[in-house]
Amino acid sequence: MHEFTKDVEALAHEVLAYSLERLKSDPPLDGPRTEQELFAEVGNTITAPGLGGKEALKVFTDVLAKACISTDHPRNLAFIPSAPTEYANLFDLVVGASALYGGSWQEGAGAVFAENQALRWLSDLAGLPQSAGGVFVQGGTMGNLSALVVARAQARKKYPETTRFAIACSAEAHSSIASAAQVMDVEIIKITPDENGRMQGSELGKVIDEYHRSSHARIFAVVATAGTTNLGIIDELVSIGRAAHERDVWFHVDGAYGIAALCAPSVRALFNGVEEADSFIVDPHKWLFAPFDACALVYRNPELAREVHTQHASYLETLHDDSWSPSDYAIHLTRRVRGLPFWFSLAAYGTDAYSEAMEQTLTIAKDAAELIRKHPNLELLREPELSIVAFTRKGWKKEDYQKWSEALLADQIGFIPPSSHNGQSILRFAIVNPWTKISDIEMILATL
Ligand SMILES: *Cc1c(COP(=O)(O)O)cnc(C)c1O
């Protein structure tokens, strides 16, 4: 079974040829099909004798792959899409072929060393001290939860009398914060942002003080969003960090989408204050040109996280020496070295290339906003702060947006599902792909 037979070798060539072709050519947009349609074409693929590699690959390439929307298509501007570099994708093949284990230093020292250098780059961009460190986890949801669990453990240590805890965040915070609160069985206090959609330290401080006066519960963490997912708005990090720390509250920055732009000089100042964070996250699979799934989770004082997240079991104790084991810094044990494709690409291309690619997406976002402002049928919702451009179509109702979006995908022009803001339907372009050109934007705007 493990022999590299002629059959395996032949399949290897086919797999590499397919992968290479996918990387070389413009990605197809494609789209979903129903389960019935897919079953009608491929039937039950799990059989006692097996399909054989060649046939199973064909089922995937001919049918299943085409029923998946390519997240790296230049006119896929939905949610937050993805745009991995060729190097990152190629290196993912190497990771796949190497059976690397990323949970402990003992087993994965070389890989963990490389991941940690990539984390160091992010931590340095944020201005955290050299003692900061962390781990790549599956996604922002898991990163936020892991950080918040550490924050609560600190609060429990400092306030042993307190039994109920709460998280404070903006009303615009990502849904993963509410999910973390639910998993942790803590309350969530939503702060009303200012008229620009930004949470401010002054309002936050008032709400925390009032909450602590009127409740036996304690706010153990403040979550600021550095780039909201819907509109790309960055909370007022300086005043929020101050308001949190003056009250002995953990300051977490959710930069799953936005913190990537720390490497873009033109917008770096918007993130001032992030250097005071006790923890932050950023998803390289969003706007740092890495494949799914990778969230960088960084702690100011990783020792606090190690105390909370290290799993103890008789068979694991041999791993608990002074070395750095990624398993110890989040809610996970076994992990693939998911930060390696990002590391390889960063190491190979250099950080200047990242700054340039980032600026390119920011420029396209600005130019897209300009085209929307001039468009007779459209209204720009607000000037883009980062690379999300939100707007409305004059006279359209919810159903009109939905119909337009479905037609756009059916015609294989682009993928732009409608969103909403303050109860109003909106459209948004999330531009994270340096291959998205202004001509792509024009092509979409021509249908509006
Ligand atoms: C995408 C996003 C998340 C969740 O990240 P996943 O990787 O999808 O789990 C959290 N916060 C913000 C601000 C996001 O944009």
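The present account deals with the structure reproduced in this document. (Residues numbered from 1 in each chain as written. Predicted model: local features only at pLDDT ≥ 70, side-chain atom pairs only at ≥ 80, totals over all residues. Heavy atoms only, no water.)

## Quick notes on the packing of helix 2 (residues 35-42) against helix 3 (residues 53-64)
Contact geometry for helix 2 and helix 3: axes closest at 11 Å, N-to-C directions at 140 degrees. By the angle class used here, helix 2 and helix 3 are oblique. Here helix 2 and helix 3 pass one another in a crossing that is right-handed. Residues Leu38, Glu41 and Val42 of helix 2 form the contact with helix 3, whose own contacting residues are Val59, Val63 and Leu64. Here the residues of the contact of helix 2 with helix 3 sort into five nonpolar, no polar and one charged. (Axes fitted to C-alpha atoms, helices over the stretch in contact; angles between N-to-C directions. Helix = DSSP H or I, 4+ residues; strand = E, 2+ residues; numbered from the N terminus. Parallel < 35°, antiparallel > 145°, perpendicular 65-115°, else oblique. Left-handed = near helix turned anticlockwise from the far one by under 90°. Contact = heavy atoms within 4.5 Å. Nonpolar A, V, L, I, M, F, W, Y, C, P; charged D, E, K, R; others polar.)

## Points about the pattern of salt bridges
Counted by the stated rule, this structure contains 22 salt bridges. The partner of Asp248 in a salt bridge is Lys158, with the nearest N and O atoms 2.9 Å apart. Of this pair, Asp248 sits in the loop between helix 9 (237-246) and strand 5 (250-254) while Lys158 sits in helix 6 (residues 140-158), and the two are 90 residues apart along the sequence. Residue classification places Asp248 among the partly exposed residues on the basis of a relative accessible area of 35%. We classify Lys158 as partly exposed; its relative accessible area is 46%. Between Lys206 and Glu203 there is a salt bridge whose closest N-O contact spans 3.8 Å. Taken together, the residues Lys206 and Glu203, both in helix 8 (residues 201-214) and three residues apart, mark about one turn of the helix. Judged by relative accessible area, which is 56%, Lys206 ranks as exposed. Taking the relative accessible area as the measure of exposure, Glu203 reaches 28% and is therefore partly exposed. Look at the salt bridges and you will find they share partners, linking Arg33, Glu37 and Glu41 into a network. (Salt bridge = Lys/Arg side-chain N within 4 Å of Asp/Glu carboxyl O. Buried < 20%, exposed > 50% of the residue type's maximum accessible area, 1.4 Å probe, protein only.)

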